[in-house]
Structure formats: C-alpha cells, structure tokens
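A structural walkthrough
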Amino acid sequence: METCKIKTLENNERMSTQQLLQTIYAKIEEGYTDFEIDACGQHNIGGSLWAREKGNKLTFKVTNPGQRVGSMAMAGTKILVEGSAPADVGWLNSGAEIVVKGDCGDTAAHCAAGGKIYVGGRVGTRSGALMKHDPKFNPPQFWVLKNTGSFSFEFMGGGIGVICGYGCDYMPSVMGERSCVGMVGGVIYFRGKIADVAPSVTVLPLDSEDMAFLDKGFDNFLKAIDKESLKQELTDYSQWKKIVPKPLNEREETFSVADFRRTNWVEGGIFGDFIEEDFRVYPLTTTGEGRLNKPIWNKETCIDCKICLNNCPQKAISECEKIYSSDDTKCIGCGICAAVCPRASWTMHSNIREIS
Ligand code: SF4
Ligand code: SF4
C-alpha cells in the first residue's frame, strides 16, 4: 500500500490532536502502515499503536510535531522526526525506534522501558530520567549526539544512555548539573567533561565489552541521524567513560526509613500522622485512624429509617434501641451514610483533626 500522507494545516484550518490521531487509527484499520505527517504541534504522534496485520511494521515520518512524539510507542513502530521535537520524546517508550534528527525538548526518553531513541542534537532537562529495564525485554537505549540538560538520568533504574558530547568541548558538563541523582541501575556512556554528578554513582573506564557494544551501536545511530562521517571521531574510546550506580554498601548517604522518618519527615505533613511503623505499607482504602473522614451521628434528627444501615458498603453501621453507631474497624469514611440519610443525621468529619 502507498504511503499515507497527512497534512494537518490546510486553508488555515488546523487539525486537532484528536482528529489527527483518529485519522491515523482509521488509516491503520484500512491497512496503511507508512505515514508521512506534516504536523503543526499535534501531540502523541506514533504512540501506542500496532499494525492491523501481524508482523507489519508502522513507520512515521514527521515534521513539526508537538509533545510526546512516540510516547508509549510499541515494538514494530519506527518514527523519524525531520528536525527538532519538543518535550517528552519517547516518554515511556515500550519498544519503538525513534529518531529525532535535531534537538529534543525536556524529558526525552523519560521512563523509557524499551526500544531505541536516537537524537542528532541536544536534549533538555531531566532527559533519561526514570529509564528502566524489564529483564524479559532488551534494555532501552538512548543515544544523544551532543549533550543533555540538568537533572539528566535521575532515578534511572535500568537501560543504556550514550551521550556523545559532540561539539561540546566548551561545556563544563555534557550532562548538565545534578545528573544521576537516585540512579540505581543501568549504565551511561559519556564523552567529554561532566560535573556535579550524584555521589551515589561511580565513573569508570570502558572495558572491551563496552567498546564492542558502542562500536556496533554507533553504526545504527550515526546512520539514523545521517552522521556516519563522525564514526572515527566518536569511536576514540580514550575519550569515553561510563557511569554506573555504586553498590548499596559503598554509598555514603544511605539511611534507614526509620532515620528518614525521624529526621527528615515534615512533622504533621502529608501522611505524617499515619506513619508509625517504618515497614508498614498502608492500604489505599483504610479504616480506623487511617481514614480521611469519619461519620458522626446525631440522635436528635434521626427518624430510625435504617436507610444508612442498609446502604453502608462496609456493613459498619449497627443499631441498638434506636441508637446508631459506626464501627471504626470497618468504616472507610466513604460518606455514603451521610449522603443517603434523609435527615442529615450523619455528618462527615476530618479524621486527621480528630487524632492530631
Ligand atoms: S462512612 Fe461509609 S463505611 Fe463509614 S459508616 Fe458511613 S457508609 Fe459506612
Ligand atoms: S438514614 Fe439517617 S435518619 Fe435514617 S436511620 Fe440512618 S441516621 Fe437515622
């Protein structure tokens, strides 16, 4: 089938993001697999789609996209952005190959869990943050020709970052400031100077396995961004190092949850009242002291109709000689009793105020 070409601005009429995505879905249903999209800022192009016929691949050639190009994009999808793209390129990428020939805005590859993201320019702040690796799949890869903004790769749990620092000799850090804070997994290869990385990571020289990985990866990366002529310059591995997280026992800053609660928790802050046991995870819906609200009954107005008793989802309400009460160990503070009572005899009160 021929390429499906979509122009999103005609006669000064701009297609909305929703209209564009619905057009794409409909065309995929018709059997189209190749798209050329002349966008004007529409979001989510190329995200979470699969081809109608098993085994088919979806390809998108995009100009002028909006945010989240290829967000949650799936294996079998290839996206090529001619030029630059704004924030969230490949957010939560699940397996697509995404190529941006120019720069990316903030949070490129944020939360990426699979696939490859190739960038022919720079990426903004918090790029690579929260990348992760599910061992059932190949780790996500994030290749950047130039540099990242600050806070890059924070809370990285897995995957591979490659920051080439091309043309960035003048910069104090090719990974911005405060990079790798909270990094617990994965590896970042970088070329050039870095500064102010988190103390919980360590910088090491490359070994032969690293060089073999990069050598192979560079062929695909540089081809994708039309910069094959740079291979010789970029594969001088004496200029490269890698960042990995330190093992837990080598980190200086670790402290227990108990210490954190005692020394850092904002007294009276959100949830602060409820954290009494360091290793207890509170359920989403909770009874007793953990409830946000609790019902209080007023005997003066009650007409003993039993509507509340019959509607409480927790069977928390009981009646004895026309006196109603709610069992704290069952009540979840949902407020249904107060809502159904024809006499407003139940009123909901903040449980936090009660216990503070
Ligand atoms: S607040 Fe909800 S759970 Fe609690 S007594 Fe009323 S209806 Fe039952
Ligand atoms: S619904 Fe209201 S009026 Fe009826 S029994 Fe319950 S508290 Fe009393």
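Predicted model, so just to flag it, every value in this text is computed and none were measured. (Residues numbered from 1 in each chain as written. Chains lettered and ligands numbered in written order. Predicted model: local features only at pLDDT ≥ 70, side-chain atom pairs only at ≥ 80, totals over all residues. Heavy atoms only, no water.)

**Considering empty space enclosed by the protein**
- Considering all chains together, one arrives at 2 cavities of 30 Å³ or more under this definition.
- Its boundaries defined by the atoms lining it, the largest cavity holds a volume of some 90 Å³.
- C312, I317, C331, C334 and C337 are the residues nearest the centre of the largest cavity, which is lined by 13 residues in total.
- When its residues are assigned to classes, the lining of the largest cavity shows 10 nonpolar, 3 polar and no charged.
- Approximately 60 Å³ is the volume attributed to the second largest cavity.
- Along the walls of the second largest cavity sit 13 residues, with C302, I303, C305, C308 and C341 positioned nearest its centre.
- Classifying every residue of the lining of the second largest cavity by side-chain character gives 9 nonpolar, 1 polar and 3 charged. (1 Å grid on protein atoms, 1.4 Å probe; cavity = no way out; pocket = protein on both sides within 12 Å on 5 of 7 lines; lining within 4 Å. Points joined across faces, edges and corners; volume = space filled by probe spheres on them. Nonpolar A, V, L, I, M, F, W, Y, C, P; charged D, E, K, R; others polar.)

**As for the site of ligand 1**
- If you check the shell around ligand 1, you find 14 residues, and the closest are C312, C331, C334, G335 and C337.
- If you map ligand 1 onto the pockets, it falls in the largest cavity.
- Residue composition of the shell around ligand 1, by class: 10 nonpolar, 4 polar and no charged. (Near = heavy atom within 4 Å. Sits in = over half its atoms within 2 Å of the grid points.)

**Let's talk about the side chain of R191**
- With respect to the secondary-structure elements, R191 resides in strand 11 (residues 187-191).
- Judged by relative accessible area, R191 falls into the buried class, the value being 8%.
- A polar contact of 2.8 Å, which involves the side chain of R191, links it to the backbone oxygen of C164.
- Each residue touching R191, except ones within four places of it in the same chain, is listed here: I163, C164, G165, Y166, V174, E233, L234, Q239 and W240. (Helix = DSSP H or I, 4+ residues; strand = E, 2+ residues; numbered from the N terminus. Buried < 20%, exposed > 50% of the residue type's maximum accessible area, 1.4 Å probe, protein only. Polar contact = N/O pair within 3.5 Å; in protein donor to acceptor, adjacent residues only side chain to side chain. Contact = heavy atoms within 4.5 Å.)

**Describing the site of ligand 2**
- Around ligand 2 lies a shell of 13 residues, among which C302, C305, K306, C308 and C341 are the nearest.
- For ligand 2, the cavity whose grid points lie within 2 Å of the majority of its atoms is the second largest cavity.
- A per-class count over the shell around ligand 2 returns 10 nonpolar, 1 polar and 2 charged.

**Side note on the layout of surface pockets**
- Of the pockets and cavities examined, the largest pocket occupies roughly 380 Å³.
- Where the lining of the largest pocket is concerned, the elements lending two or more residues are strand 6 (77-82), strand 7 (94-100) and strand 8 (114-119).
- Looking at which element gives the most residues to the lining of the largest pocket, the answer is strand 7, with 4 residues.
- Here the residues of the lining of the largest pocket sort into 4 nonpolar, 8 polar and 4 charged.

**Remarks on the domain arrangement of the protein**
- For the protein, the assigned domains are domain 1 (4-250) and domain 2 (285-355).
- Placing a centre on the C-alpha atoms of domain 1 and another on those of domain 2 gives a separation of 53 Å. (Domains from an automatic or database assignment.)

**Observations concerning unusual backbone geometry**
- The phi dihedral of S48 is positive, around 30 degrees, even though this residue is not glycine.
- Take S48: it is sitting in the loop between strand 4 (34-38) and strand 5 (58-63).
- Its relative accessible area of 37% is what places S48 among the partly exposed residues.
- A positive phi angle, near 65 degrees, is found at C111, a position not held by glycine.
- Relative to the helices and strands, C111 resides in the loop between strand 7 and strand 8.
- The class for C111 is buried, based on a relative accessible area of 12%.

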